[in-house]
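Here's the letter readout for the chains.
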Amino acid sequence: MNWLEKATLKFLEIVKGPNHPSVAVCLEKIGKFYFEMGNLEEAEPHFERALKIIEKKLWGQIFKRSDRLKCLDRSVFPPRRVFESPRE
């Protein structure tokens, strides 16, 4: 990794935080660079860290959205008992 990539990664970690999606993008690009150079040992930790950041961010968003959808579903379609006859 050259000095510019190290500086960019360090800058993003300080300014945005170590678990920000921008840091994940930077890590992915560094990992891709090493992968294309054939240095898999250096690429793997960068890919793994980027994946952990993205999974953590997306997992939280999925739960937030699913909670909203459950509330919407209950308000639009109130739960019925299985053996209840449909309303006419």
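Residues numbered from 1 in each chain as written. Predicted model: local features only at pLDDT ≥ 70, side-chain atom pairs only at ≥ 80, totals over all residues. Heavy atoms only, no water.

(A) Looking closely at the nonpolar core. Leu9, Leu12, Val23, Ala24, Cys26, Leu27, Ile30, Tyr34, Ala43, Ala50 and Ile53 form the largest nonpolar core, which has eleven residues in total. If you list the elements that add at least two residues to this core, you get helix H1 (3-15), helix H2 (21-36) and helix H3 (40-76). With six residues, the top contributor of residues to this core is H2. Among residues more than four places away in sequence, those in contact with cysteine 26 are Thr8, Leu9 and Leu12. (Core = buried A, V, L, I, M, F, W, Y, C linked by side-chain atoms within 4.5 Å. Buried < 20%, exposed > 50% of the residue type's maximum accessible area, 1.4 Å probe, protein only. Helix = DSSP H or I, 4+ residues; strand = E, 2+ residues; numbered from the N terminus. Contact = heavy atoms within 4.5 Å.)

(B) Local environment of a negative patch on the surface. Together, Glu41, Glu42, Glu44 and Glu48 give the surface a local cluster of negative charge. Locating glutamate 42 in the fold gives a position in helix H3. Glutamate 42 gets classed as partly exposed once you look at its relative accessible area, which sits at 37%. (Patch = residues over 30% accessible without salt bridge, like charges linked within 9 Å, V, L, I, M, F, W, Y side chains within 5 Å. Areas by Shrake-Rupley, 256 points an atom, 1.4 Å probe, with all protein chains shown as cover. Salt bridge = Lys/Arg side-chain N within 4 Å of Asp/Glu carboxyl O. Lys, Arg positive; Asp, Glu negative; His and termini not counted. Charge placed at Lys NZ, Arg CZ, Asp CG, Glu CD.)

(C) Structural context of a nonpolar patch on the surface. A cluster of nonpolar side chains, Phe11, Ile14 and Val15, forms an exposed patch at the surface whose accessible area comes to about 340 Å². For isoleucine 14, the location among the structural elements is in helix H1. On the basis of relative accessibility, which here comes to 64%, the residue isoleucine 14 falls in the exposed class.

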